Amino acid sequence: MNDILDFGLADLSPVNDDSEEAMEALWAGDLTVLSQHHTTPNGSHSFVLAHDRSVTWGIPGEPQLVAIAVARDLRQSTFTFETSHHATASFAQNWLAERGCPLERIALRGGDYIKPADDLTLQVEQQIQKSGTRYEVLDTYTSDDNPSEAWTLVNDSQTTQAPVRLFYEEWNHGAGTYTMREGAFPDVVVAQTWLDERSEPLPEPPEYSDHNGAVVRARIALSRSAGTSPTPQTGLDAPRATAAVPVQRAVQGRLL
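On a predicted model such as this, the values are computed, not experimentally measured, just so you know.

Brief notes about the overall build of the chain
- Across its full length, the chain holds five helices and ten strands.
- Classification of the 256 residues of the chain by burial places 46% in the buried group.
- Summarising the internal contacts of the chain: among those between residues at least 6 apart in sequence, 58% fall at separations of at least 24.
- Of the roughly 12800 Å² that the chain leaves accessible, carbon and sulfur atoms contribute 50%.

Listed below in structure tokens is the structure:
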């Protein structure tokens, strides 16, 4: 895991107020770099995926991963600086890819990273990473407690049948693994109910019934047989008040 973060901007000026504000909002000391890519030979672009430790002191449920994209104009001695917070690495990687970063250069491999538990997790993550602007993010939530989980609720622009999708990630710290699953809902209200109650399995997308659906359903059935926590978690409209006395929570599951 590489924890060195240096954008080399000492001799450059922000191209606009947005870039200056985005840069000043980040404290390098709060960030643990998970993956980074810098273009060569002139270093015009930098892409970083990092864990923001300061979030663990703040409002419960806030996304803990930050994606950073920096573009330098060396002739003009200026730079643009963009950031975006995400609940899961796959959405952060998608954001970086949309700004020109090759996915293979921002992958999380080896080291201390918690591992995907199965092939279906990898397939769902790759679907997100390569989705472009397909998904409109509606809400996210991250929990370091029991269960350790993160979810991203989106609107899928490429489907009219159950277009509200829930990408649900759960970590098994004892096994050193995590799973990612996709659920499908007709609207946000139904998705909200599922998040609040967790009384039935995550409803699978209709396209899982296509020609390869049998394989997908078999994998889902296998994952369900291992069991997932039915504990209700914070939903879309539930209050997320800051604790009176901040208590630092455990670092997100991907970091070990």
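Structural notes on the sheet that holds strand β10 (residues 177-185)
- Taken together, five strands build an open sheet; the order of strands is β6-β10-β9-β8-β7 and the sheet is mixed. With one partner strand each, in any of the chains shown, β6 (115-116) and β7 (135-143) form the two edges of the open sheet.
- Across two bridges, the pairing between β6 and β10 is parallel. When the bridges of β10 are listed, Lys-115 appears paired with Thr-177.
- Against the sheet, helix α3 (residues 119-129) engages β6, β7, β9 (164-172) and β10, with an angle of about 60° to β10.

Section: the packing of aromatic side chains
- Within this structure, the stated rule accounts for seven aromatic pairs.
- For the ring pair Tyr-135 and Phe-167, a centre distance of 5.2 Å and an interplane angle of 65° mean the geometry is edge-to-face. In this pair, Tyr-135 is assigned in strand β7 and Phe-167 in strand β9, connecting sequence segments 32 residues apart. For the residue pair Tyr-135 and Phe-167, the accessibility class agrees, reading buried in each case.
- Ring centres of Phe-185 and Trp-194 lie 6.4 Å apart, and the angle between their planes is 55°; this geometry places the pair in the tilted category.
- On the accessibility criterion, Phe-185 (2% relative accessible area) is buried.
- Taken together, Phe-91, Tyr-135 and Phe-167 form an aromatic cluster joined through their ring pairs.

Brief notes about the side chain of His-51
- With respect to the helices and strands, His-51 occurs in strand β3 (residues 45-52).
- Judged by relative accessible area, His-51 falls into the buried class, the value being 0%.
- Of the polar contacts made by the side chain of His-51, one reaches the side chain of Gln-64; its length is 3.0 Å.

A look at the side chain of Gln-64
- Among the structural elements, Gln-64 can be located in the loop between β3 and β4 (65-73).
- There is a polar contact of 2.9 Å between the side chain of Gln-64 and the side chain of Asp-144.

Concerning unusual backbone geometry
- Even without being glycine, Ser-77 reaches a positive phi, approximately 55°.
- Along the chain, Ser-77 falls in the loop between β4 and β5 (78-86).
- Take Ser-77: its relative accessible area is 33%, and that puts it in the partly exposed class.
- Of note in this structure, Arg-198 is not a glycine but carries a positive phi near 50°.
- Within the secondary structure layout, Arg-198 lies in the loop between α4 (188-197) and α5 (213-226).

Concerning the pairing of β3
- Summarising burial for β3: seven of the eight residues are buried, a large majority.
- Direction of pairing for strand β2 (residues 31-38) relative to β3: antiparallel, over a ladder of seven bridges. Bridging from a neighbouring strand, His-38 pairs with Ser-46 of β3.
- Alignment of β3 against β4, held across seven bridges, turns out to be antiparallel. Opposite Ser-46, over in β4, you have Val-70 as the bridge partner.

So, the environment of His-45
- Residue position: His-45 is located in strand β3.
- When the C-alpha positions of His-45 and Ala-71 are compared, they lie 4.5 Å apart, and in sequence the two are 26 residues distant.
- Discounting residues that sit within four places of it in the chain, His-45 has contacts with His-37, His-38, Thr-39, Val-70, Ala-71 and Arg-72.
- Polar side-chain contacts of His-45 include one of 2.9 Å to the side chain of Ser-44.

Remarks on the environment of Glu-182
- When you line up the elements, Glu-182 lands in strand β10.
- Overall, the relative accessible area of 4% leaves Glu-182 in the buried class.
- Note: C-alpha distance between Glu-182 and Leu-166 (16 residues apart in sequence) is 5.6 Å.
- Setting aside chain neighbours within four positions, we find Glu-182 in contact with Val-124, Gln-127, Tyr-135, Arg-165, Leu-166, Phe-167, Leu-202, Pro-203, Glu-204, Pro-205, Glu-207 and Tyr-208.
- Within the local environment of Glu-182, its side chain forms a polar contact with the side chain of Gln-127, the two groups lying 3.2 Å apart.
- At 2.7 Å, the side chain of Glu-182 and the side chain of Arg-165 are in polar contact.

Cut-offs applied
Residues numbered from 1 in each chain as written. Predicted model: local features only at pLDDT ≥ 70, side-chain atom pairs only at ≥ 80, totals over all residues. Heavy atoms only, no water. Helix = DSSP H or I, 4+ residues; strand = E, 2+ residues; numbered from the N terminus. Buried < 20%, exposed > 50% of the residue type's maximum accessible area, 1.4 Å probe, protein only. Contact = heavy atoms within 4.5 Å. Areas by Shrake-Rupley, 256 points an atom, 1.4 Å probe, with all protein chains shown as cover. Pairing = 2+ DSSP bridges. Axes fitted to C-alpha atoms, helices over the stretch in contact; angles between N-to-C directions. Phe/Tyr/Trp six-rings, centres within 6.5 Å; stacked < 30°, edge-to-face > 60°. Polar contact = N/O pair within 3.5 Å; in protein donor to acceptor, adjacent residues only side chain to side chain.

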